[in-house]
Amino acid sequence: MFRALLLSLGQLGDPAFLKVLAKSLGLTILLFLIGGFAVYWALIWLFDWLGWGEGGGFAAAASAVVIAGLSFWLMFRAVAMGVISIFTDEIVDAVERKHYPDKAEVAQVAGYADQVRVGLASAGRAIGWNLLVLPLYLVLLVTGVGTVLLFIGLNTILLARDLGELIAIRHVPRAEWGDWRRETRGKRMQIGLVAAVLFVIPVANLLAPILSAAMAAHMLHGGDGDDA
């Protein structure tokens, strides 16, 4: 696990990594801006409908800021992983070409439709499960650390699956994914844990999607290639 993280950090300067970082961050920020404006105008309409008068504009703006802040913390992981899934083939390909050339030669390049499908499924699971436990997140706020621990625990499990699929889509026939998941469960859970922790650390969470994808390649190919 630590080897995978160190190797991933060491490749952050790779042009392929930087290109994906710029594209994924740009698209993620754009999606959050669109969502923020949508929430703002929805609240403006709601307050006008409730007849709250001129104060509705300020109340809507304040509410939108609060909601956007909570949504950013809760949904950043889902949106970021959904976005990175569209570009993940570039990250995994860069890792495999540098460290596991034999794997790179036999990799099946995922089609755009397959990448979008995996990304949407990842985002859907993350949003759905995190919304389901939202009441627990709120209750555990009084503990100081309970909310963060629950977030890490839940998203470790979700990321273990999502990150594994980023590799499986290149190297494992779809019909064999079930067996492959069972065989790699231990490694994938380690990847998921590190990724979930990265997502709650300020600044590091911006790099978490790329580092997580690179770590998945190292963990699931570990010992099969050249670390040069």
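Residues numbered from 1 in each chain as written. Predicted model: local features only at pLDDT ≥ 70, side-chain atom pairs only at ≥ 80, totals over all residues. Heavy atoms only, no water.

S.K.: Can you walk me through the confidence of the model for the protein chain in this structure?
M.R.: Detailed reading of the predicted model is not advised wherever pLDDT is low. Considering every residue of the protein chain, the mean pLDDT works out to 79; 83% of them sit at 70 or more. With pLDDT under 50 throughout, residues 224-228 is counted as low confidence; its partners more than four residues away or in other chains account for 13 contacts. (pLDDT = per-residue confidence, 0-100. Contact = heavy atoms within 4.5 Å.)

S.K.: So what exactly am I meant to see when it comes to the pattern of salt bridges here?
M.R.: Oppositely charged side chains may form a pair once their charged atoms are brought near each other. Counted under the stated rule, the structure contains 9 salt bridges. A salt bridge links E165 to R125, with the shortest nitrogen-to-oxygen separation between them at 3.8 Å. Taken together, the residues E165 in helix α7 (residues 146-171) and R125 in helix α5 (residues 112-132) connect sequence positions 40 residues apart. The residue R161 makes a salt bridge to E165 at a minimum N-O spacing of 3.3 Å. With R161 and E165 both in helix α7 and 4 residues apart, the pair spans about one turn of that helix. Through salt bridges that share partners, R125, R161, D162, E165 and R181 make up one connected network. (Salt bridge = Lys/Arg side-chain N within 4 Å of Asp/Glu carboxyl O. Helix = DSSP H or I, 4+ residues; strand = E, 2+ residues; numbered from the N terminus.)

S.K.: Where do I start with a nonpolar patch on the surface in this structure?
M.R.: The grouping of I127, L131, L134, L138 and L141 at the surface amounts to a nonpolar patch, some 420 Å² of accessible area in total. With respect to the helices and strands, L134 occurs in helix α6 (residues 134-139). Take L134: its relative accessible area is 31%, and that puts it in the partly exposed class. (Patch = residues over 30% accessible without salt bridge, like charges linked within 9 Å, V, L, I, M, F, W, Y side chains within 5 Å. Areas by Shrake-Rupley, 256 points an atom, 1.4 Å probe, with all protein chains shown as cover. Buried < 20%, exposed > 50% of the residue type's maximum accessible area, 1.4 Å probe, protein only.)

S.K.: Teacher, can you tell me more about the packing of aromatic side chains here?
M.R.: What describes a pair of aromatic rings is the distance from one ring centre to the other and the angle between the planes of the rings. Within the structure shown, the criterion is met by 1 aromatic pair. Between Y137 and F151, the ring centres sit 6.4 Å apart and the planes meet at 40 degrees, which makes this aromatic pair tilted. Separated by 14 residues along the polypeptide, Y137 in helix α6 and F151 in helix α7 bring together distant segments of the chain. What makes Y137 buried here is its relative accessible area of 2%. Owing to a relative accessible area of 1%, F151 belongs among the buried residues under this scheme. (Phe/Tyr/Trp six-rings, centres within 6.5 Å; stacked < 30°, edge-to-face > 60°.)

S.K.: Please clarify how the side chain of R188 should be interpreted in this entry.
M.R.: Take R188: it is sitting in helix α9 (residues 185-199). The charged side chain of R188 is buried without a salt bridge, its nearest counter-charge being E165 at 7.9 Å. Apart from the residues within four sequence positions on either side, R188 is in contact with A160, R161, G164, W180, R181 and L220. (Lys, Arg positive; Asp, Glu negative; His and termini not counted.)

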